[in-house]
Amino acid sequence: MQLTAAVSFLTILQEESVSIHTYAHAFLQVILLHLEHRDAGVSNAWLETLLSVIEVLPKETLRHEILNPLVSKAQLSQTVQSRLVSCKILGKLTNKFDAHTIKREILPLVKSLCQDVEYEVRSCMCRQLENIAQGIGTELTKSVVLPELIELSRDESSSVRLAAFETLVNLLDVFDADDRSQTILPLVKSFCEKSFKADEAILISLSFHLGKLCHGLYGIFTPDQHLRFLEFYKKLCTLGLQQENGHNENQIPPQVLEHEKKYISVRKNCAYNFPAMIVFVDPKNFHMELYSTFFCLCHDPEVPVRYTIAICFYEVSKLLNSGVYLIHKELITLLQDESLEVLDALIDHLPEILELMSTGGESSVQENKLSSLPDLIPALTAAEQRAAASLKWRTHEKLLQKYACLPHIISSDQIYYRFLQRMFTIMMTNNVLPVQKAASRTLCVFLRYNRKQEQRHEVIQKLIEQLGQGKSYWNRLRFLDTCEFIIEIFSKSFFCKYFFLPAIELTHDPVANVRMKLCCLLPKVKSTLKIPADKHLLQQLEMCVRKLLCQEKDKDVLAIVKRTVLELDRMEMSMDAFQKKFYEKDLLDQEKEREELLLMEMEQLEKEKQQNDGRPMSDKTFEKKRRDTKTPTTLPKNIPVSVPGPSGTSTPSTSKEVKKSKLIRSQSFNNQAFHAKYGNLDKCPSKSSTAGYTPSVSGLGKTSVISLTDDSFRTRNASSTPTSFSPSPSLPSTSRTGNSVDPKSSGSKDTQPRKATLKSRKSNP
């Protein structure tokens, strides 16, 4: 009841349920009354409430109700609990009064409590000196607080000495160079020298604050002192590791082994402070001074130590800059770590780390240096397989999401042969939905930056045949997830060309869940259409919705269809010409379309160059030549927007100058597209606003049963579905530049085969 009352009083204050005057009058005395409750938990709960109340009470109320009674509560005649409460209240009151009042009324109480006979009181008051120093200013801190800290640092109690040391470290910025060099530095040296003989709590605290200490005292160290502190840090990094002395763990007595395990926290703190120590020694001296220590921390036998150094790995990489190649092997080591906790900590910043590795830490794009790290791809694939085999699916999901950075780290062929098939396998076989979706999105990113049209077509074909036309309804659901990612990442024309018809064909799916998910996706599908170029696709979409309204028997699906119709009706249609209302979205879509066109141009020009030279151009050579080309700040404006149909090909220019300009333009795009941050894709809008929708359900007689596909799309029999990538000359596609499909003349051929396919699906839902 007491704990609940304390929390309730605090909630009333935080929600400003009553005025401050009313609150002080009604609740303050009740709070003060229970501060000395015999139960420590109850007393602390009321104290926390009081400390929050002090922040908002006016000065006069604080003086009369809290500060004046505090004089008697802080006397030695009072209980230890009363004096401990007084210490914490004094630390909070300092920021509420002017310097004159603090000096006259508060500092005498502070000095008295710092000299208290009980070590708990001295330690508690010492930890409040940091708050007091911030309230009284630099001069009073130097004349009043610093002498007290010096005296407390020599206290007979180790807990008091520890509190004094930590307070000194936190107040380093307050003191000038003379105070640091003449007063604080000798204290710190003495503290370090005695730390190995003191209890482990002091050693753990020292290892935790060592980075901050070295940073605060940087500039006043002599070369000898600098070297001594560095050696002290190195010693802490290996504290408790008997392997250095050639001992075997089985030869160590159990008592000694148990004692050495307590040093794990010390080494963990050293790993936490490692970036600060790089700054301390200067990154240029990393290899000579700290590389061996970094190696030991990455190979430490204890997981908490390796976990902490994995968290710091990105900071270390940034600090080393051009020297980041020195820690390539340690990156591989942590990727291959047997503990998934270590891997989980490392992959938080894996894209940034790999980018630094690939560019050598320089801001300008250089020749890819990951070629000197042949173990990277096996380490990445092994890490994914280890995560997949575990029960920690969130780590697996996060790793797959981070793999989306690979297109600007390694070559397109390496991704195609080492990662793409694995993404398909995860989508088809994994049982965790978030993992499947992460694999689907990463696969779409891989497809987006794939440089070979044949490979792109194989991936698209496999997506349609094995997912969109798969026997399992679960695979067909994942196909719709993939369509959503395609809409987000690719241009509108790309989706319409390859995925529009396979997606809306699922309106006839025998499983209600698939039809339901498709209905939820239809507004995004419609947002990819542009009028008048996609008028024939809009007719197909309207026909699907009319059929669903008339023929759907599942009540849940029908309810969603009706809601979707209302949403489609409210949508506005994008036009081929830019509209002011959708200018930014249309411009972004046009940029995506230009990049996709440039990918095809770049591939064609590369083939022509190989034929002219009479020898194939290696990926590495092409990358080097591409990077030598200066990248323009913006993409060329004269690139055509429309995407040619599947049977159409661009006419090659007979002019050498035109070819040369296209090559430069393609190379420039490659520089931008493949080295752009993959995270920018997350910022792309997933849909654009589109046109009014008014489906008509009248006149749907026997003659209106029209196929949803044109002659360029055929439903494939499930038995002919390939199990691996195989080139296919034909893909389901629609062209914005092609003739509009007349729905009245395109339905008779495919109606019967489609019905046969549906029957086979019903038998295997």
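Described below are features of the structure shown in this document. Here the structure is a predicted model, which means the values were calculated and not measured. (Residues numbered from 1 in each chain as written. Predicted model: local features only at pLDDT ≥ 70, side-chain atom pairs only at ≥ 80, totals over all residues. Heavy atoms only, no water.)

### So, empty space enclosed by the protein
A probe matching the size of a water molecule, rolled over the atoms, marks out where space remains unfilled.
So, point 1. Applying the stated criterion across every chain, the model contains six cavities of 30 Å³ or more.
So, point 2. The volume enclosed by the largest cavity comes to roughly 190 Å³.
So, point 3. Around the largest cavity, the lining comprises 17 residues; the ones closest to its centre are Arg 456, Phe 494, Tyr 498, Glu 596 and Met 600.
So, point 4. Sorting the residues of the lining of the largest cavity by element identifies helix H25 (433–448), helix H26 (453–468), helix H28 (492–498) and helix H33 (583–613) as the ones contributing at least two each.
So, point 5. Broken down by class, the residue content of the lining of the largest cavity amounts to nine nonpolar, four polar and four charged. (1 Å grid on protein atoms, 1.4 Å probe; cavity = no way out; pocket = protein on both sides within 12 Å on 5 of 7 lines; lining within 4 Å. Points joined across faces, edges and corners; volume = space filled by probe spheres on them. Helix = DSSP H or I, 4+ residues; strand = E, 2+ residues; numbered from the N terminus. Nonpolar A, V, L, I, M, F, W, Y, C, P; charged D, E, K, R; others polar.)

### Points about the pattern of salt bridges
Close approach of charged atoms allows side chains of opposite charge to pair.
So, point 1. For the structure on display, the rule yields 27 salt bridges.
So, point 2. Overlapping salt bridges, with partners in common, bring together Arg 63, Arg 104 and Glu 105 in one network. (Salt bridge = Lys/Arg side-chain N within 4 Å of Asp/Glu carboxyl O.)

### Here's the deal with the nonpolar core
So, point 1. The biggest cluster of nonpolar side chains holds 200 residues, and the ones touching the most others in it are Ile 89, Leu 93, Phe 229, Phe 274, Tyr 403, Leu 406 and Phe 499.
So, point 2. Sequence-distant contacts of Ile 89, that is, excluding residues within four places in its chain, are made with Leu 35, Leu 47, Leu 50, Leu 51, Ile 54, Ile 66 and Leu 70. (Core = buried A, V, L, I, M, F, W, Y, C linked by side-chain atoms within 4.5 Å. Buried < 20%, exposed > 50% of the residue type's maximum accessible area, 1.4 Å probe, protein only. Contact = heavy atoms within 4.5 Å.)

### Some words on the environment of Tyr 403
So, point 1. In this structure, Tyr 403 sits in the loop between helix H23 (393–402) and helix H24 (412–429).
So, point 2. Distance in space between the C-alpha atoms of Tyr 403 and Ala 439 is 9.1 Å, their sequence separation being 36 residues.

### What to know about H25
So, point 1. Compared with the 22 Å implied by 1.5 Å per residue over 16 residues, the 23 Å span of H25 between its first and last C-alpha is a close match.
So, point 2. Burial analysis of H25 places 13 of its 16 residues in the buried class, the great majority of the element. (Expected span 1.5 Å × (residues − 1).)

### Remarks on unusual backbone geometry
So, point 1. The omega angle of the peptide bond from Ile 531 to Pro 532 is 10°, so this bond is cis rather than trans.
So, point 2. Mapped onto the fold, Pro 532 is located in the loop between strand S1 (530–531) and helix H31 (535–551).
So, point 3. Backbone geometry places Glu 16, a non-glycine residue, at a positive phi of 50°.
So, point 4. Considering the arrangement of structural elements, one finds Glu 16 in the loop between helix H1 (2–14) and helix H2 (20–33).
So, point 5. The backbone of Asp 282 sits at a positive phi, close to 80°, despite the residue not being glycine.
So, point 6. The topology assignment puts Asp 282 in the loop between helix H15 (274–281) and helix H16 (286–289).
So, point 7. Given the relative accessible area of 34%, Asp 282 is considered partly exposed.

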